[in-house]
Amino acid sequence: MRIIYACPACHTTTSIDGIESRDSLECTACHAALPMPPDAFAGREEGDTRPPRLQRCLACPSLELFVRKNFPQRLGVAIVVAGLAASCVAWANRELLITFGILFGTALLDVLLFFFMPNCLSCYRCGARYTGDGVASDADDPADGGHQFGAFDLETHEKHRQLVARTKQLGSDPTHP
Ligand SMILES: [Zn+2]
Ligand SMILES: [Zn+2]
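Basis of the calculations
Residues numbered from 1 in each chain as written. Chains lettered and ligands numbered in written order. Predicted model: local features only at pLDDT ≥ 70, side-chain atom pairs only at ≥ 80, totals over all residues. Helix = DSSP H or I, 4+ residues; strand = E, 2+ residues; numbered from the N terminus. Expected span 1.5 Å × (residues − 1). Buried ≥ 20, exposed ≤ 12 C-beta atoms within 10 Å, placed from the backbone. Core = buried A, V, L, I, M, F, W, Y, C linked by C-beta atoms within 7 Å. Contact = placed C-beta atoms within 7 Å. Pairing = 2+ DSSP bridges. Axes fitted to C-alpha atoms, helices over the stretch in contact; angles between N-to-C directions. Parallel < 35°, antiparallel > 145°, perpendicular 65-115°, else oblique.

Helical periodicity: at 3.6 residues per turn, an α-helix aligns residues three or four positions apart in one direction. Under the 1.5 Å per step criterion, the end-to-end length of helix 1 (residues 73–92) is 29 Å for 20 residues, consistent within 8% with the ideal 28 Å. For helix 1, the buried fraction is low: 1 of the 20 residues fall into the buried class. A positive phi of about 60 degrees marks R94, the residue just after helix 1.

Structural data, given as structure tokens:
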């Protein structure tokens, strides 16, 4: 599993692979280390052949994560913009069928891409992202604890946003209590 997080010390976006087998996360820029919480992963029991499942955020004290598609937003926007530009050219050439064909095609491509993109986990509080094995997938059986995080929830998001805002007001760093 890979983590992509903003280092609490220097705010550099850091990406670290194989976090299941690490004792700490070290920032690639300032080498500040985040200790790995002991309750970070589930499924380490003997006989469990599935990859360890992430239980909480590793970059901040938050226990709440949400599942979303690991879809690069810029790619989605780029496809739409390219489709619009191409359809404008076709429209200018009075190619009606091609114009709508391009618009429909790009919309379909976006939907398909989204559908086949793997899931990732995102932290409500610090925005850290987790990808790869052990991230909740749609095929996970909820009965054996494989899928404990849900989709994005606005209420939870708002709770964390206010929590962070309040901590900032007090003048302390929320990631270092
Ligand atoms: Zn750093
Ligand atoms: Zn976090």
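So, on to the nonpolar core. Within the largest apolar cluster, 20 residues are counted, with the highest numbers of intra-cluster contacts made by C57, A59, L121, C123, C126, A128 and Y130. Put simply, the parts of the chain that give this core at least two residues each are strand 1 (2–6) and strand 8 (119–123). Top element by residues in this core is strand 8. It accounts for 3 residues. Those residues in contact with A59, other than ones at most four positions away along the chain, are Y5, P8, L34, C123, C126 and A128.

So, on to the sheet that holds strand 2 (residues 13–16). With antiparallel pairing, the 5 strands of this open sheet are ordered in space as 2-1-9-8-7. Only two strands of the sheet have a single neighbouring strand rather than two, namely strand 2 and strand 7 (65–69). When strand polarity is set aside, the average angle formed by the axes of neighbouring strands in this sheet is 20 degrees. Pairing of strand 8 with strand 9 (residues 129–131) involves 2 bridges; the strand directions are antiparallel. The partner of L121 across the bridge, within strand 9, is Y130.

It is worth spelling out the environment of L84 at this point. Following the sequence through the fold, L84 ends up in helix 1. Residue class for L84 comes out exposed when judged on the 12 C-beta atoms lying within 10 Å of it. As for L84 and T99, which are separated by 15 residues in sequence, their C-alpha atoms are 9.0 Å apart.

Here we take up the packing of helix 1 against helix 2 (residues 96–116). The interhelical angle for the contact between helix 1 and helix 2, taken along N-to-C directions, is 175 degrees, at an axis separation of 8 Å. On the basis of the axis angle, helix 1 is roughly antiparallel to helix 2. Every residue of helix 2 that contacts helix 1 at G76, I79, V80, G83, A86, S87, A90 and W91 is listed here: I98, T99, I102, L103, T106, L109 and D110.

By themselves, these observations are geometric and do not establish any function.
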